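Residues per chain, in single letters:
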Amino acid sequence: MIITTTPSVEGHRITSYKGVVVGEAIMGANVVRDLFARVTDVIGGRSGAYEAKLQDARDVAMRELKERAIALGANAVVGVDLDYEVVGDSMLMVSVSGTAVVITP
């Protein structure tokens, strides 16, 4: 399945619009990860623990988007938008949305 941020897929024609599809993932961070992230913030550098958690959340949200598009009979999702939010003190949320479509070459 083609999933793209662009409104169309080059070399393909959209023959049917199936509707908006969304995928969300909210991941909690733990106390140990928070502690190491704070240390990283103080001394500088990247927080690998949080980056890994964001990657996991992004993967879950994209998988959910794809599954919902397939359930509608789509073979592509166009106009995809990714959003990141912090929920509460230690929750990370990734939401992804787009338009499920049927494309032909």
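Attention in this report is confined to the structure presented alongside it. Please read these numbers as outputs of a predicted model, since none were measured by experiment. (Residues numbered from 1 in each chain as written. Predicted model: local features only at pLDDT ≥ 70, side-chain atom pairs only at ≥ 80, totals over all residues. Heavy atoms only, no water.)

**Let's talk about the overall build of the protein**
Short version of the rule: Counting from the N terminus, the helices are DSSP H or I runs at least four residues long and the strands are E runs at least two residues long. The buried label goes to any residue with under 20% of its type's maximum accessible area, the exposed label to any with over 50%, and the partly exposed label to all in between, with areas taken from a 1.4 Å probe on protein chains only. Every residue pair with non-hydrogen atoms within 4.5 Å of one another is taken to be in contact. Here the accessible surface of atoms and residues is derived via Shrake-Rupley with a 1.4 Å probe, and residues count as covered only by protein chains that are part of the display.
Along the protein, the regular secondary structure elements total two helices and four strands. Among the 105 residues that make up the protein, the fraction classed as buried is 30%. Partitioning the intrachain contacts of the protein with sequence separation of at least 6 by distance along the chain shows that 75% fall at a separation of at least 24. For the protein, the accessible area works out to roughly 6,400 Å², and carbon and sulfur atoms hold 56% of it.

**Here we look at the pairing of strand 4 (residues 91-104)**
For the record, the criterion: Between any two strands, at least two bridges found by DSSP are needed for them to pair.
As paired elements, strand 2 (residues 13-28) and strand 4 share 14 bridges and run antiparallel to each other. Paired with Val20 across the bridge in strand 4 is Thr99. As paired strands, strand 3 (residues 76-87) and strand 4 are joined by 10 bridges and run antiparallel to one another. Within the sheet, the bridge partner assigned to Val77 lies in strand 4 and is Ala100. Counted between consecutive antiparallel strands, the loop separating strand 3 from strand 4 contains three residues, among which Gly88 sits at a positive phi close to 65°.

**Considering the pattern of salt bridges**
Formally: Salt bridge, as applied in this entry: a Lys or Arg side-chain nitrogen positioned within 4 Å of an Asp or Glu carboxyl oxygen.
Within this structure, the stated rule accounts for two salt bridges. Among the ionic pairs, Glu24 bridges to Arg68, the shortest N-O distance being 3.8 Å. Of this pair, Glu24 sits in strand 2 while Arg68 is found in helix 2 (residues 48-71), placing the two residues 44 residues apart along the sequence. Exposure remark for Glu24: the relative accessible area of 36% places this residue in the partly exposed category. Glu64 serves as the salt-bridge partner of Arg68, at 3.4 Å between the closest nitrogen and oxygen. Of the two residues, Arg68 and Glu64 are both situated in helix 2; the distance of four residues between them amounts to about one turn of the helix. By relative accessible area, Arg68 is classed as partly exposed at 39%. Salt bridges sharing common partners tie together Glu24, Glu64 and Arg68.

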